[in-house]
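This is what each chain is made of:
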Amino acid sequence: MEYKAKYITDDIKLSCYEDRFFKSDIMFDQHMLIWFLSGETKIIQAAATYIFKKGDIFLIPRNQLATIINYPKDGQPHKTVVMHLSAARLRNFYAGLDIQPATFPATHTILCYNDHPLLESCLSSLIPYFEMTNIPAGIASLKITEAISILRAIDDRVDAVLTNFDEPGKIDLADYMEKNFMFNLPLEKFGYMTGRSLSTFKRDFNKAFHTTPQRWLTKKRLELAHYQFMEKNKKPVDVCYEVGFEILSHFSFAFKKQFGYSPSALIARQHTAGK
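The following refers to the structure shown. (Residues numbered from 1 in each chain as written. Predicted model: local features only at pLDDT ≥ 70, side-chain atom pairs only at ≥ 80, totals over all residues. Heavy atoms only, no water.)

1. A closer look at the environment of Gln 30
Selection criterion: To qualify as a helix, a DSSP run of H or I must reach at least 4 residues; to qualify as a strand, a run of E must reach at least 2; elements of each kind are numbered from the N terminus. Partly exposed describes any residue whose relative accessible area lies between the buried limit of under 20% and the exposed limit of over 50%, with all areas from a 1.4 Å probe on protein chains only and scaled to the type maximum. What makes two residues a contact is simply this: any of their non-hydrogen atoms within 4.5 Å. Here a polar contact means two N or O atoms within 3.5 Å. Within protein one must be a hydrogen donor candidate and the other an acceptor candidate, and residues neighboring in sequence count only if both atoms are side-chain atoms.
The topology assignment puts Gln 30 in the loop between strand E3 (22–27) and strand E4 (31–38). For Gln 30, a relative accessible area of 28% puts it in the partly exposed group. A C-alpha to C-alpha distance of 4.7 Å links Gln 30 and Arg 62, two positions 32 residues apart in sequence. Excluding residues within four positions of it along the chain, Gln 30 makes contact with Asp 11, Ile 60, Arg 62, His 84, Leu 85 and Ser 86. Here the side chain of Gln 30 touches His 84 through a polar contact of 3.5 Å, side chain to side chain.

Structure (structure tokens):
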């Protein structure tokens, strides 16, 4: 994968993936406002899957788990302008406003703005700065403030998202893992999202499922993969990445070990039965 990035500041970057695709399972530590210049992205969350393409603008709230798959499109690389809205900056922005901070929500969906002209104008005005070496002081801060102000003007939901500064509290571990097992994240992240230290997470996990996290996660991901093949007729490469595996050969080996036949054998059997 060839990745290139240009920065105005640490909070504003022009991101470009040149290769066929890039896949990552991540947790967003900050809100991210994204504008697509070219390419395509599939974002898979526990409750929804999104496809974004050239011209789309969207806001990903913080503390969200997702599988991100980036593709070039129509001969163009995957290229986006990304603006991070940090907690420190948002606290400062809202300090002078009479708005009650939101409490930590159970879920927040991605907020989609398509090609809204105000946001597009704000974000497109950043493009010349990526080619400059001496950027006027304060420009980046002004642009982020402008973007926040536009979001507030066009979306009455956004204050509840941006004023949420709480960290995740202790929640039902079994329920959370049943909904989010397909994300291939370190156990520390699962612990954080369920309000636990790593040691407490492992202890509570064993009480809930009577096995180790890794064994349970592998079994659940393979069961989901089997369902995707049987009910959704998806391709092995798509299923592999969507259920939490990183390498197709490793996925195929684990699948055959679990079920006694390979993904390709199952697909062939499905095709034969459908004739």
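2. Description of helix H1 (residues 87–94)
Under the convention used in this document: Directions from the helix axis toward the C-beta atoms define the arc.
The set of residues buried in H1 consists of Leu 90, Phe 93 and Tyr 94. The buried side chains of H1 occupy one side of the element, clustering within an arc of 85 degrees when seen end-on. Structural note: H1 exposes Ala 88 and Asn 92 on the side pointing more than 90 degrees away from its buried face.

3. Here's the deal with the sheet that holds strand E6 (residues 49–53)
Spelled out, the test is: Following DSSP output, two strands are said to pair if at least two bridges run between them. Fitting a line to C-alpha atoms yields each axis, with helices limited to the stretch in contact; the angle taken between N-to-C directions then spans 0 to 180 degrees.
Taken in spatial order, the four strands of this open sheet run E3-E8-E5-E6, and their pairing is antiparallel. Edge positions in the sheet fall to E3 and E6, since each has one partner strand and no second. Across the sheet, the axes of successive neighbouring strands diverge by a mean angle of 20 degrees, strand direction being ignored. Where E3 meets strand E8 (residues 65–71), six bridges bridge the pair, whose relative direction is antiparallel.

4. Remarks on the packing of H1 against helix H3 (residues 139–154)
Convention followed: Should an angle fall under 35 degrees it is called roughly parallel, over 145 degrees roughly antiparallel, and 65 to 115 degrees roughly perpendicular, with every other angle called oblique. For any pair of crossing helices, the crossing counts as left-handed if the nearer helix is rotated counterclockwise from the farther one by less than a right angle, and right-handed if it is rotated clockwise. Under the scheme applied here, ten amino acids are nonpolar (Ala, Val, Leu, Ile, Met, Phe, Trp, Tyr, Cys and Pro), four are charged (Asp, Glu, Lys and Arg), and all others, including Gly, are polar.
The contact between H1 and H3 brings their axes to 11 Å, and the two run at 65 degrees. Judged on the interaxial angle alone, H3 and H1 are roughly perpendicular. Relative to H3, H1 is oriented so that their crossing is right-handed. Taken together, the residues of H3 that come into contact with H1 (itself represented by Arg 89, Leu 90, Phe 93 and Tyr 94) are Ser 141, Ile 144, Thr 145, Ile 148, Ser 149 and Arg 152. Residue composition of the contact of H1 with H3, by class: five nonpolar, three polar and two charged.

5. A short note on the pairing of strand E1 (residues 3–9)
The pairing of E1 with strand E2 (residues 12–17) spans six bridges and is classified as antiparallel. Looking at the pairing, Tyr 3 lines up with Tyr 17 of E2. Counting the residues that bridge the hairpin from E1 to E2 gives two residues.

6. Topic: the pattern of salt bridges
Spelled out, the test is: Salt bridge criterion: a side-chain nitrogen from Lys or Arg within 4 Å of a carboxyl oxygen from Asp or Glu.
Using the criterion set out here, one finds 17 salt bridges in the structure. Measuring nitrogen to oxygen at the nearest pair gives 4.0 Å for the salt bridge that ties Asp 29 to Lys 189. Taken together, the residues span a long stretch of sequence, with Asp 29 in the loop between E3 and E4 and Lys 189 in helix H6 (residues 187–193) at a distance of 160 residues. The class for Lys 189 is partly exposed, based on a relative accessible area of 29%. What you see here is one network of salt bridges that share partners, running through Lys 23, Asp 25 and Glu 246.

7. Observations regarding the packing of aromatic side chains
The geometry of an aromatic ring pair comes down to the distance between the two centres and the angle between the two planes. Heads up, the rule is: In this scheme Phe, Tyr and Trp rings, the latter by its six-membered ring, pair at centre separations within 6.5 Å, and the angle between planes marks the pair as stacked below 30 degrees, edge-to-face above 60, and tilted otherwise. Charges are assigned to positions over rings by a cutoff of 6 Å between ring centre and Lys NZ or Arg CZ, combined with an angular limit of 35 degrees from the ring normal.
Summed over all chains, the structure comprises 18 aromatic pairs. Ring geometry for Tyr 3 and Tyr 17: centres 4.6 Å apart, planes at 40 degrees, overall tilted. On the criterion of sequence distance, the pair formed by Tyr 3 in strand E1 and Tyr 17 in strand E2 is long-range, its members being 14 residues apart. Their ring planes at 45 degrees and their centres at 5.8 Å tell us that Phe 201 and Phe 205 sit as a pair that is tilted. Of this pair, Phe 201 and Phe 205 are both found in helix H7 (residues 198–209), four residues apart, which corresponds to roughly one turn of the helix. In this pair, the class of Phe 201 matches that of Phe 205, namely buried. Through pairs of rings, three or more aromatic residues link up here, namely Phe 229, Phe 245, Phe 251, Phe 255, Phe 259 and Tyr 261. Directly above the ring of Tyr 261 sits Arg 269, whose terminal nitrogen or CZ lies 4.8 Å from the centroid.

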